[in-house]
Amino acid sequence: MTMCLAIPLTIEEIQDKSAVASANGISQKIRIDFLPDIQIGDEVLVHAGFAIEKIDKEEAMKTKEVYKELFDVIK
């Protein structure tokens, strides 16, 4: 069995079917083809460069905190 991770990112800019999204000061360009109603400031789960689901801001913050704790331990 394989497991995929989706990372929560905040939409910063939108350009057609692409967007710039960020978390913890790191930005990346993503595709938003699957979520045509996304707006700047929305939180999305991103997998393999695609926004796959819009999520609640509170849940996004919880998940981002878990990732931050994990990365702090790895450093």
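It should be emphasised that the depicted structure is a prediction, and the values quoted were computed from it without experimental measurement.

## Re helix α1 (residues 57–74)
So, point 1. With 18 residues, α1 should cover 26 Å at 1.5 Å per step; its first-to-last C-alpha distance of 26 Å lies within 8% of that length.
So, point 2. Tucked inside the fold, the buried residues of α1 contact β1 (7–15), β2 (18–23), β4 (43–47) and β5 (50–55).
So, point 3. Two or three places before Glu58, at the start of α1, stands the capping residue Asp56, its side-chain oxygen 3.0 Å from that residue's backbone nitrogen.

## Comments concerning the side chain of Ser18
So, point 1. As for its position among the elements, Ser18 is in strand β2.
So, point 2. With a relative accessible area of 11%, Ser18 lands in the buried category.
So, point 3. Only 3.4 Å separates the side chain of Ser18 from the side chain of Arg31, close enough to count as a polar contact.
So, point 4. Each residue touching Ser18, except ones within four places of it in the same chain, is listed here: Glu13, Lys29, Ile30, Arg31 and Ile32.

## Looking at the pairing of β1
So, point 1. Where β1 meets β4, 4 bridges bridge the pair, whose relative direction is antiparallel. Following the sheet pairing, Pro8 is matched in β4 by Leu45.
So, point 2. Hairpin connection, β1 to β2: the antiparallel pair is bridged by 2 residues, and Asp16 has positive phi, about 55°.

## Brief notes about a nonpolar patch on the surface
So, point 1. Taken together, the side chains of Phe34, Phe50 and Ile52 present a nonpolar region at the surface, about 290 Å² in accessible area.
So, point 2. Inspection of the secondary structure assignment puts Phe50 in strand β5.

Procedures and definitions
Residues numbered from 1 in each chain as written. Predicted model: local features only at pLDDT ≥ 70, side-chain atom pairs only at ≥ 80, totals over all residues. Heavy atoms only, no water. Helix = DSSP H or I, 4+ residues; strand = E, 2+ residues; numbered from the N terminus. Expected span 1.5 Å × (residues − 1). Contact = heavy atoms within 4.5 Å. Polar contact = N/O pair within 3.5 Å; in protein donor to acceptor, adjacent residues only side chain to side chain. Buried < 20%, exposed > 50% of the residue type's maximum accessible area, 1.4 Å probe, protein only. Pairing = 2+ DSSP bridges. Patch = residues over 30% accessible without salt bridge, like charges linked within 9 Å, V, L, I, M, F, W, Y side chains within 5 Å. Areas by Shrake-Rupley, 256 points an atom, 1.4 Å probe, with all protein chains shown as cover. Salt bridge = Lys/Arg side-chain N within 4 Å of Asp/Glu carboxyl O.

Note that all results are geometric; they support no functional claim without further evidence.
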